[in-house]
Structures are given as structure tokens and as C-alpha cells.
Amino acid sequence: MTKLEQIRAAEARLLLSTYERNPILFVRGEGVHIIDEQGERYLDLLSGIGVNALGYGHPVIEEAIAKQSRKLIHTSNLFYHEGQAELALRLTECTGLDRVFFANTGTEAWEGALKLARAHAGLLRSEGKTIGTRFLALEQSFHGRTFGSVSTTHKAKYREPFGPVVPGVEFVRFNDVADLRAKFSNDVCAILVEAIQGEGGIRPLTQEFFAEARALASSTGALLIVDEIQSGMGRTGKWCAYQHYGIRPDVTTLAKPLAGGLPLGAVVCTEEASRAIHAGMHGTTFGGGPLSCAVAIAVIDTMEKEGLLAHAAEVGDYFQAQLRSLGARHEAIVDVRGKGLMIAADLDSADLAKRTVAEMLKRHIVINCTSDTVLRFLPPYILERTHVDTAIAALDEIFTDQDTAFSGARTIARAAGGQNHG
């Protein structure tokens, strides 16, 4: 048995059956490429589902890990260490908000944000205001896999196997201002949005909808909570996608690219929202540990020093332009959308989308499909135009083959129809 076969057999015997893995064993990475056990290089346009902002083997990350690991890997949040305040300062500057809580993952950060909203509403009630405990979330939303997070995630396939989920959540039609107004009331403690839906198909909020959500929340003291777990920390060309709209939330959540590959999440909030939390109400054993904080600081400093936000915006615009040009040649592409290096090519067939992901992998290019028909591109921020050109050429080849096959099928169908008429 090969090493891959041994690992697959062991996992089949030992792990819960939660993943349908591709039969590839990756062992290392360099830049925008990830390398398998045979030494074959794959262009990674998914970056570990939006995590590896600086790609693979970046010297800044390696140095930060080595240096901090020799000093202190873990203490606990019962004591101080050097990293949390320094990283929190950077995050408040990036987001325009005031205070930070560190978690391990995006879904934990979202749980913290939900708890903060309920606690804040309770504080307002104690001060004589009328406000309830309901959440308004959006259709096609995705916020994570833990109970609170999955309860605010719209797609039934994520929620129904674990029902009953946490009560008190109502879903608003995406970008439907009238529906948002109809469902909002003093019973709502928070409006929950992604500035750009990720798992839902790279779908941006409209300016009108986002502004109305902000106005409604402000009118009662409810919190506007923006999930930036996938879209934040520079992926769209700004630190947070909500900054493209000029709208400031009360709370945002960060994770995926925050520590360049190490697990780290954060809840960032206004001073007003933070009033609801006091010592002992919330906590974590591993969140905001010395190692992950040191790496996150190094990632943020490198992004600033190397101008990677502007680079992500420039290369992302080029990527979208090339995809639109491809769409002009292939009817299978029905829409191209996104911001920066958070990009979607929406196809006219779920089957074609699935086959395209598989065909790209055969050509040693990693992407994935979300929301059935959407090809999702979340590459490292160090991506260059030449890498985009490689991907576009591969997609062009795949869609050309698809067009040829479709044309052949139509010819056969017409011939069969003619024979029947005869």
C-alpha cells in the first residue's frame, strides 16, 4: 500500500465520516503552491478555504513561530502575556472598533458575538429599555458549525440533522429591504449579516440593505453584527468588507486569515457593546495564546509593509476581468462577482460546477464549489497575474471541451429527431 492508501484506510477505521476528501496527500507548500507526496505542485486558489493569506512557507510566519515557540507557546487567560494587547491594538485600528475578545476559530468568535448581543440586550432592559432576544439572520447565510452558529445559518442541510436548534432566529430574504423592515421590531437584539456571503455564493449586500440594517439596529439599541470571518483581514482589498460600504457595525468577527494558518478568531466590538461583559461571563482556554498572537502580529505587519491590501484589490480586479472575458466566450458562466481576492464564477449547471472543480484538480489547480453552481476563488494575497492567467487558460480549456460536447450532443439529437420525422 502507498502512504496515501495507508492513511485513507486508517482514517476510514478511526475518524468520524465528516469529510469527502480528494485522494491526494499534501506534504508541504511553497508560495501559492501546495505539493503532494510525489512532489507534484498544485496552484492553490483556495488557500485552505481562505486561511493562508501569505501562502505557504512564508519566512515571516516561520520566523514568528520559531521565535515564539522558544519563548512561550501557552499560558492561560488567568495571566498576562505580551501578545494580546499588541494584537488587539492592531485589530481595533484595522476595524475601527474598540475592544477585542480572542477565540480559537470563526465559529467560536460568532458564538461570542451572539452571547454578547443577548447580554447587551439584557443590560439595556435593566436600564429600562424595551428590547427582546430574537436574532434576524439572512437567507443563504453561513456562520459556522457550533449550535448557536448553525442556528443562525440558513441552509437546512447544516441545521436539520441537529434539530431542534437554538430558538429565536428568523431569516430575512437576502437584500430584501421590505422583508427586513417587516421582520424587525423591539423584540430583536441583533441583526446578523455577512457583508459578502461566502458559503452562500460570494454574494455582496447592497448598499441600501446594509444601510437599512444599520439604521434599524440603531433605532432600538439592537446590535448590527457583521461576520467577516471569510471576507475580513484584507481579502477584499480592505481590512473588512464592510469598509467598502462606509458602515460601522457594533460587532464584527474575524478568523480564517488572521494568523496565517494557525487557529485564531476574534470578536471586535464598540465600547457600548462591551459594557455588557464582565469578568467570568465568557472565556476560553486556548484563545489568544502567545504563539497565535505572535504570528497574527507578523501577518498584519507583513501585509502593511508589502502593500498586500492594494495588491489583493489590483490582482482581484484583473482576475474578475479575465473571468468576465471568459464568460463572453462561454455561456456556461452566467455571473462573475466579488471583491478583491474573494471571487465567484457562477455557472449554469451544478453538475458542470462539480466537474469543473474535478477537472481543475486534474490540472493541478485547487478551487472549490459552493452554493451548488458557484466556483469559489480564495487565493493567497501574494497571487500574481501570471497565476491568474494559468487558471483562466485551464478554465477556458475545460469550458471549450464542455461546449464541444454540448454541441455534439445537440447534433446527435437533431439527427435523431430528423430520422424520427422520416
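This text follows the structure it describes.
First, a word on scope: everything that follows refers to the structure included in this document. (Residues numbered from 1 in each chain as written. Predicted model: local features only at pLDDT ≥ 70, side-chain atom pairs only at ≥ 80, totals over all residues. Heavy atoms only, no water.)

## Concerning the pairing of strand 5 (residues 134–138)
The side chains of a regular strand alternate, residue by residue, between the two faces of the sheet. Here is the rule we go by: Partly exposed residues are those whose accessible area sits between 20% and 50% of the maximum for their type, while under 20% is buried and over 50% is exposed, using a 1.4 Å probe and protein chains only. Secondary structure elements are taken from DSSP: a helix is a run of H or I of four residues or more, a strand is a run of E of two residues or more, and numbering for both begins at the N terminus. A pair of strands is considered paired only if DSSP assigns at least 2 bridges between the two.
Burial within strand 5 is extensive, with 4 of its 5 residues counted as buried. By the bridge criterion, 3 bridges tie strand 5 to strand 7 (residues 188–193) in an arrangement that is parallel. Residue pairing in the sheet places Leu-136 in a bridge with Ile-191 of strand 7. Strand direction decides the pairing type here: strand 5 and strand 6 (residues 169–172), joined by 4 bridges, are parallel. Paired with Leu-138 across the strands is Val-172, a residue of strand 6.

## Notes on the nonpolar core
The criterion, for reference: The set of buried Ala, Val, Leu, Ile, Met, Phe, Trp, Tyr and Cys residues whose side-chain atoms join them within 4.5 Å is what this entry labels a nonpolar core. Contact definition: two residues touch when any of their heavy atoms are within 4.5 Å.
Membership of the largest hydrophobic core comes to 123 residues, with the highest contact counts inside it found for Ile-191, Phe-210, Leu-375 and Phe-377. Among the elements that make up this core, the one with the highest residue count is helix 5 (residues 106–126) (10 residues). When neighbours within four sequence positions are excluded, Phe-377 is seen to be in contact with Leu-45, Phe-319, Leu-323, Leu-341, Met-342, Ile-343, Ala-345, Ile-367 and Leu-395.

## Focus: the sheet that holds strand 15 (residues 365–366)
Overall, mixed pairing links the 4 strands, which are arranged 1-2-3-15 in an open sheet. In the strand order of this sheet, the two ends are held by strand 1 (26–30) and strand 15, each with one partner. Where strand 3 (residues 41–44) meets strand 15, 2 bridges bridge the pair, whose relative direction is parallel. By the bridge assignment for strand 15, Asp-44 is matched with Val-366.

## Some details on the packing of helix 3 (residues 59–69) against helix 11 (residues 290–305)
In a packed pair of helices, the relevant descriptors are the angle between the two axes and the axis-to-axis distance. Note the following rule: Helix axes are fitted to C-alpha atoms over the stretch in contact, other axes to C-alpha atoms as well, and angles between N-to-C directions run from 0 to 180 degrees. Should an angle fall under 35 degrees it is taken as roughly parallel, and over 145 as roughly antiparallel, whereas 65 to 115 is taken as roughly perpendicular and any remaining angle as oblique. Handedness of a helix crossing follows the sense of rotation of the near helix relative to the far helix, less than a right angle counterclockwise being left-handed and clockwise being right-handed. Any residue outside Ala, Val, Leu, Ile, Met, Phe, Trp, Tyr, Cys, Pro, Asp, Glu, Lys and Arg is labelled polar, Gly included; the first ten of those are nonpolar and the last four are charged.
One way to put it is that helix 3 packs onto helix 11 with a least axis distance of 9 Å and a crossing angle of 150°. When the axis of helix 3 is compared with that of helix 11, the two are roughly antiparallel. In the packing of helix 3 onto helix 11, the handedness of the crossing is right-handed. Residues Val-60, Ile-61, Ala-64, Ile-65, Gln-68 and Ser-69 of helix 3 touch helix 11, and the partners they reach there are Pro-290, Leu-291, Ala-294, Val-295, Ala-298, Val-299 and Thr-302. Split by residue class, the contact of helix 3 with helix 11 holds 10 nonpolar, 3 polar and no charged.

## Considering the packing of helix 4 (residues 83–95) against helix 11
Where helix 4 contacts helix 11, the two axes come as close as 9 Å, and the packing angle between them is 35°. The two elements helix 4 and helix 11 cross, and the hand of that crossing is left-handed. Contacts from Gly-83, Gln-84, Glu-86, Leu-87, Arg-90 and Leu-91 in helix 4 reach Cys-293, Ala-296, Ile-297, Ile-300 and Asp-301 in helix 11.

## Some remarks on the pairing of strand 11 (residues 251–254)
Where burial is concerned, the two faces of strand 11 agree: the one with Val-251 and Thr-253 and the one with Thr-252 and Leu-254 are both buried. Across 3 bridges, the pairing between strand 10 (residues 223–227) and strand 11 is parallel. By the bridge assignment, Val-226 is partnered in strand 11 with Thr-252. Inspection of the sheet shows strand 11 paired to strand 12 (residues 265–269) by 4 bridges, in the antiparallel sense. Looking at strand 12, one finds that Thr-252 is bridged to Val-268.

## Digging into a nonpolar patch on the surface
Defined as follows: A patch consists of residues whose relative accessible area exceeds 30% and which take part in no salt bridge; residues with like charges are grouped when within 9 Å of each other, and nonpolar side chains (Val, Leu, Ile, Met, Phe, Trp, Tyr) when within 5 Å. Here the open area of atoms and residues is found with the Shrake-Rupley method and a 1.4 Å probe, where only the protein chains shown may cover a residue. Salt bridges are counted wherever a side-chain nitrogen of Lys or Arg sits within 4 Å of a carboxyl oxygen of Asp or Glu.
Judged by side-chain polarity, Phe-147, Phe-162 and Val-166 come together as a nonpolar surface patch covering roughly 290 Å² of accessible area. Position of Phe-162 among the secondary structure elements: in the loop between helix 7 (156–159) and strand 6.

## Some details on unusual backbone geometry
Here the amide bond leading from Gly-163 into Pro-164 is cis, since omega sits at 0°, within 30 degrees of zero. Looking at where Pro-164 falls in the secondary structure, it is placed in the loop between helix 7 and strand 6. Positive phi, close to 60°, is recorded for Ile-49, a residue that is not glycine. Turning to its location among the elements, Ile-49 is positioned in helix 2 (residues 47–50). Its identity as a non-glycine residue notwithstanding, Gln-140 has a phi of 70°, on the positive side. The topology assignment puts Gln-140 in the loop between strand 5 and helix 6 (147–151).

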